[in-house]
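# Summary of structural features
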Amino acid sequence: MKVLSVASEIYPLIKTGGLADVTGALPGALARQGVAMQTLVPGYPAIMKALENPSAVHEVPELFGGPAKVLSGRAGELQLFVLDAPHLFNRTGNPYLGPDGKDWPDNAQRYAALSFVAAEIGRGVISSFAPSVVHAHDWQSGLVPAYLRFGGGPKSVITVHNLAFQGHFPASLFPFLKLPPHAFGIDGVEYFGGVGYLKAGLACADAITTVSPAYAQEICTPENGMGLDGLLRTRSPVLHGIVNGIDPSVWNPATDPLIAQTFDVKTVQRRIANKRSVEEKFDLDRGDGLLYCVISRLTLQKGMDLLAASADRIVKSGARLAILGSGDAALEQELAATAMLHPGKIGMITGYNEPLSHLMQAGADVILIPSRFEPCGLTQLYGLRYGCVPLVARVGGLSDTIVDANDAAVSAGVASGIQFAPVSLDTFSSALDRASLLYSDASTWNIIQRNGMKADVTWTRSAARYANLYRSLAGA
Ligand code: ADP
Ligand code: GLC
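Since we're looking at a predicted model, the values are computed, not measured.

Conventions we followed
- Residues numbered from 1 in each chain as written.
- Chains lettered and ligands numbered in written order.
- Predicted model: local features only at pLDDT ≥ 70, side-chain atom pairs only at ≥ 80, totals over all residues.
- Heavy atoms only, no water.
- Helix = DSSP H or I, 4+ residues; strand = E, 2+ residues; numbered from the N terminus.
- Rg over C-alpha atoms; globule rule 2.2 N^0.38 Å.
- Buried < 20%, exposed > 50% of the residue type's maximum accessible area, 1.4 Å probe, protein only.
- Contact = heavy atoms within 4.5 Å.
- Lys, Arg positive; Asp, Glu negative; His and termini not counted.
- Charge placed at Lys NZ, Arg CZ, Asp CG, Glu CD.
- Near = heavy atom within 4 Å.
- Nonpolar A, V, L, I, M, F, W, Y, C, P; charged D, E, K, R; others polar.
- Areas by Shrake-Rupley, 256 points an atom, 1.4 Å probe, with all protein chains shown as cover.
- Phe/Tyr/Trp six-rings, centres within 6.5 Å; stacked < 30°, edge-to-face > 60°.
- Lys NZ or Arg CZ within 6 Å of the ring centre and 35° of its normal.
- Axes fitted to C-alpha atoms, helices over the stretch in contact; angles between N-to-C directions.
- Parallel < 35°, antiparallel > 145°, perpendicular 65-115°, else oblique.

## What to know about the overall build of the protein
- When you go through the protein residue by residue, the secondary structure sums to 19 helices and 18 strands.
- Taking 23 Å as the expected radius of gyration for a compact globule of 476 residues, we find that the protein reaches 23 Å, a close match to that expectation.
- The dimensions of the protein, computed from C-alpha atoms along their principal axes, are 65 × 45 × 45 Å.
- Buried residues in the protein amount to 59% of all 476 residues.
- Pairs at least 24 apart in sequence give 70% of the contacts found in the protein among residues at least 6 apart.
- Once the 38 positive and 41 negative side-chain charges of the protein are each reduced to a mean point, those two points are 5 Å apart.

Set out below in structure tokens:
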């Protein structure tokens, strides 16, 4: 069975967050379920460069201001269709933002173009790959289900990775979208008088998935539905929560070339070499005490203001903290200033550094994830796999994937991390205190660490659920 995935980022070619990890890992996991997934991605320079032996398989003479081609080719393990439209995508750096840090002013056109071409491929314009289902991700491909609904084609699925990003544009865009007039309505792309890309996807897709069962419930509530909960409630019969997995060929502490010392569940003590290396890279005092890490977009979603407010407490407890991240400028500055105040105890590296993120998971004792909401979260899954115990807010995918180390779970031998709720400075502080206490009991700590390392966080089960969903749609 052939499925076209449509994505605005894909690991290892272009990544701003977990979406890329998911779109990069799914095709491999689905191949083992008998699903041939090929992914349509924009022809950003990084992708054009990585494409091996590309061949042009489709041409569009005029696509939102210029000519475009669809190239087919491989990039490493990935089988790709690449939308080669230089007027839209030949721009280096972050895929969504210009050099001024603001959204590209033509993002509406760029991702409408991606979605329009996806629908054409869905309708079979490339005869060697006529998919039975088209799978869109987030607002950037939110128009795909609308193009298929109003222009004909196979069934569609849209996955919500984060409801906070909706792709909302003025109504004046609508005439340029190549959709029939009646598509501008409540069952189509219209949203509060404008055009909503994610809204269009949610209204028009044959199935909706999101990246954890808990987030599937949360987004149907007014508190977490970000204005779309009403629509999501009406669509709840076709809404599924399917938790993300990790790609064990990229995230495996026993073989990871990016860490100082490999290890597995039987040789956890070898993590110490990685701890030493993290201390060095972050200019931290050397020691055997608790080493926390943060690997994150620095945003309010991720609770990074709570982290800054907890710094003194962390240092007073005798622990150290290594922060890797970038994002909101004010939070970046606040955290950097906090690190300056605590030399040797708090170290911060600003920016995006994939290899360093592997080393931190392999060397730190605890990864802190105090998110206000978290559709799934991948860093806690990497933490589990690498024996870096996750301390997380009990929201979304964090609540589905971590078993809190309360007394009952510890004695039942199932605890894998520390959770706190509701999200506040008080509850986060208590969770930090619990972490110190648990860490001081080496044998309990070791059990928590091993439980996490043994947990099944691979894609196997979730890929089977996606495959079943595609099959039920294609057969319907
Ligand atoms: P989100 O997609 O909301 O940012 P996830 O936890 O799903 O959150 O995914 C984040 C991904 O980005 C993970 O692979 C994580 O390791 C990575 N990541 C986040 N910040 C950085 C950073 N500064 N450097 C390297 N990797 C990072
Ligand atoms: C989004 C979410 C994150 C999720 C990722 C991949 O970026 O914020 O929770 O893990 O998508 O689905």
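## Focus: the site of ligand 1
- Not every one of the 20 residues close to ligand 1 is listed here, only the nearest: Lys15, Gly18, Asp21, Arg297 and Gly351.
- Here the shell around ligand 1 gets three residues from one element, more than from any other, and that element is strand β13 (residues 291-298).
- Here the residues of the shell around ligand 1 sort into five nonpolar, nine polar and six charged.

## Comments concerning the site of ligand 2
- Neighbouring residues of ligand 2: 14 residues in total, closest His161, Asn244, Glu374, Cys376 and Gly377.
- Protein chains bury 93% of the 310 Å² of accessible surface belonging to ligand 2 in isolation.
- Among the elements that make up the shell around ligand 2, the one with the highest residue count is helix α1 (residues 18-31) (three residues).
- Residues belonging to the shell around ligand 2 are distributed by class as follows: six nonpolar, six polar and two charged.

## Quick notes on the packing of aromatic side chains
- Counted according to the given criterion, the structure contains 18 aromatic pairs.
- Ring geometry for Tyr44 against Phe89: centres 5.8 Å apart, planes inclined by 90 degrees, an arrangement best described as edge-to-face. A residue pair is termed long-range when its members are at least 10 positions apart, and Tyr44 in the loop between β2 (36-42) and α2 (45-50) and Phe89 in helix α3 (residues 86-89) qualify at 45 residues.
- Members of the aromatic cluster, each reached through a chain of ring pairs, are Tyr44, Phe89, Tyr96, Tyr111, Trp139, Phe169 and Tyr197.
- Positioned above the aromatic ring of Trp104 is the side chain of Arg91, whose terminal nitrogen or guanidinium carbon lies 4.6 Å from the ring centre.

## Notes on the packing of helix α17 (residues 425-440) against helix α18 (residues 442-454)
- Running from amino to carboxyl end, α17 crosses α18 at an angle of 110 degrees, the nearest separation of the two axes being 5 Å. By the criterion of interaxial angle, the relationship of α17 to α18 is roughly perpendicular. For the pair α17 and α18, contact is made by Ala435, Leu438, Tyr439 and Ser440 and by Ala442, Thr444, Trp445 and Ile448, respectively.
- Class assignment for the residues of the contact of α17 with α18 results in six nonpolar, two polar and no charged.

Remember, this is a structural readout, not a statement about activity or role.
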